[in-house]
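Geometric and topological summary
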Amino acid sequence: GGAVTTTSTAEHRWVVYDVALATGRIRWQREVRRASPQLPKHQKNSYASETPVTDGTRVYALFGGVGLFALNFEGQVLWSKEFADVKFRNGWGSGASPVLHRGRLYVVSDNDAQSFVAAFDAETGRELWKVNRQEGTNWSTPFVWENDQRTELITTGSDKVRSYDLNGTLLWEFAGMS
């Protein structure tokens, strides 16, 4: 069924891998957290659904209920931001990936506790801004839209599509989509 969830009590490892594109050889792997998951996930999900992003110097990995991590290309953790475990609809887990744009990481965490969108300095991990959202669980990665007027961070949600400027100010929103 579509709503089958599981919660593991076994110890898990959250690991970032560097895999050689040409050969598939693992060059390095770095464990960023080891713990038993606190929340369930959908049977077809994992505790590491988000896609990492790179700027050519660092790799940034987001693990929904664990945190955001920056590593150099040798596998050294440069900084990390811990995220609290939050409840996701039907216990399905997280899935929205971070977006990197001009030295900033943008993260959307739409969940059943307190949804938010936030920006972090990619070099230091310092939170630049965070805006709470009136939104339920959503697994949509934000999109940076550079248009003729400005650059916008577009987010879809369960209730509304919203646009923010790069300082977190709401520019526009519309409902009618889910």
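Described below are features of the structure shown in this document. Starting from 1, residues in each chain are numbered consecutively following that chain's sequence as written. With the structure being a predicted model, the display of local features is reserved for residues of pLDDT at least 70 and the display and counting of side-chain atom pairs for 80 or more, all residues being used for whole-chain, interface and lining totals. To obtain the side-chain values, all non-hydrogen atoms of the structure were used and water was disregarded.

1. A short note on the overall build of the protein chain
What counts, and what does not: Here a helix means four or more residues in a row that DSSP labels H or I, a strand means two or more in a row labelled E, and each is numbered from the N terminus. Whether a residue is buried, partly exposed or exposed follows from its accessible area with a 1.4 Å probe, protein chains only, as a fraction of its type maximum: under 20%, in between, or over 50%, in that order. We call two residues in contact when some of their heavy atoms are within 4.5 Å. Note on areas: Shrake-Rupley, 1.4 Å probe, and residue coverage restricted to the protein chains presented here.
Of regular secondary structure, the protein chain possesses zero helices and 16 strands. Evaluated residue by residue, the protein chain yields a buried proportion of 44% over its 178 residues. Pairs at least 24 apart in sequence give 45% of the contacts found in the protein chain among residues at least 6 apart. When the accessible area of the protein chain is evaluated, it comes to approximately 9600 Å², of which 48% is carbon and sulfur surface.

2. Quick word on the side chain of S163
Selection rule: Think of a polar contact as two N or O atoms within 3.5 Å of one another; within protein, one of them needs to be a possible hydrogen donor and the other a possible acceptor, and neighboring residues in sequence only count if both atoms come from side chains.
As for its placement among the helices and strands, S163 is situated in strand β15 (residues 160-164). A polar side-chain atom of S163 sits 2.4 Å from a polar atom in the side chain of E152. In contact with S163, other than residues within four places in its own chain, are E152, L153, I154, T169, L170, L171 and W172.

3. So, the side chain of H101
As for its placement among the helices and strands, H101 is situated in strand β9 (residues 99-101). Side-chain polar atoms of H101 contact the side chain of E146, separated by 2.8 Å. In contact with H101, other than residues within four places in its own chain, are Y106, V144, E146, T151 and L166.

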